[in-house]
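Overview (structure and organization)
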Amino acid sequence: MNKHRLDNFLARELSAYQSTFKDTSFDSVNKVYVCTDVQVKQVYDFDAYIQAKFGKNAIMPASPDAIYVGAKRLYFVEFKNQIWSKVDKQQIAQKFRDGTSALKSLLADFTPRDCKFVFCVVHKKETSSRAYWRGVEAGAERFNFDALNKELDEFYDDIIVRDVDFYRQNFNELSC
């Protein structure tokens, strides 16, 4: 086994948390899935990993919902069943910071080669006539993530904050 293969490492470390995008995108308050994909492999429930690591009664760090391992890419994914303008930006920033810290800790004894790290926020599609302007606002928010990423020594190679339709159209393996 190649000691530099991220997919093998995470399969070993997170095997108990194997999941789907559908399950990790479930909004338990509203009983709805943001994404319905069950085909994509190598998806891990990062929230479940954090809960197991810190225990049910401990104060747990905020963390994104899922990890997906693609070809030489790790996607750290947060699902929001809201339009971007309604998303709690402070909560997302906290998930970005705490989740990245937890991910770095998980990867502390691993040295991946040629791997890119991508932070993704998948939110509900805006349907109002102001959708264009909401997209502009989401793009502006992207710069806040860039600043946070600088604080974290530019851990992420890319940050994507887009609605679920963007992911459907740009990631052919998804069937959301």
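Residues numbered from 1 in each chain as written. Predicted model: local features only at pLDDT ≥ 70, side-chain atom pairs only at ≥ 80, totals over all residues. Heavy atoms only, no water.

1. Here we look at the sheet that holds strand β8 (residues 158–163)
Across the sheet, which stays open at both edges, the six strands sit in the order β1-β4-β5-β6-β7-β8 with mixed pairing between neighbours. The sheet is open, and its two edges are formed by β1 (18–19) and β8, each paired on a single side. Of the pairings in the sheet, the one linking strand β5 (residues 66–70) to strand β6 (residues 73–80) comprises five bridges and is antiparallel in character. By the bridge assignment, glycine 70 is partnered in β6 with arginine 73. Lying over the sheet, helix α3 (residues 46–54) contacts β4 (43–45), β5 and β6, oriented at roughly 40 degrees with respect to β4. Sitting on the sheet, helix α4 (residues 89–106) is in contact with β5, β6, β7 (116–123) and β8, with an inclination near 145 degrees to β6. (Pairing = 2+ DSSP bridges. Helix = DSSP H or I, 4+ residues; strand = E, 2+ residues; numbered from the N terminus. Contact = heavy atoms within 4.5 Å. Axes fitted to C-alpha atoms, helices over the stretch in contact; angles between N-to-C directions.)

2. Focus: the nonpolar core
In this structure, Leu10, Ile67, Leu103, Leu107, Phe145 and Tyr156 are the most contacted members of the largest nonpolar core, which totals 34 residues. Going through the elements one at a time, α1 (6–13), α3, β5, β6, α4, β7, α5 (131–151) and β8 are the ones with two or more residues in this core. For this core, the element with the highest residue contribution is α4, accounting for six residues. When sequence neighbours within four positions are dropped, the list of residues in contact with leucine 10 reads Ser15, Tyr44, Ile67, Val69, Leu74, Leu106 and Leu107. Residues Val43, Ala66, Val118 and Cys120 belong to the second largest nonpolar core, which totals 18 residues. (Core = buried A, V, L, I, M, F, W, Y, C linked by side-chain atoms within 4.5 Å. Buried < 20%, exposed > 50% of the residue type's maximum accessible area, 1.4 Å probe, protein only.)

3. With respect to the pattern of salt bridges
Counted under the stated rule, the structure contains six salt bridges. Notably, a salt bridge pairs aspartate 7 with arginine 5, separated by 2.4 Å at the nearest N-O pair. According to the relative accessible area criterion, aspartate 7 is buried, its value standing at 16%. In this structure, aspartate 165 and arginine 168 form a salt bridge, with 2.1 Å as the shortest nitrogen-oxygen distance. Here arginine 168 and aspartate 165 lie together in helix α6 (residues 164–170), a separation of three residues that amounts to about one turn. (Salt bridge = Lys/Arg side-chain N within 4 Å of Asp/Glu carboxyl O.)

Geometric descriptors of this kind do not, in isolation, establish any biological role.
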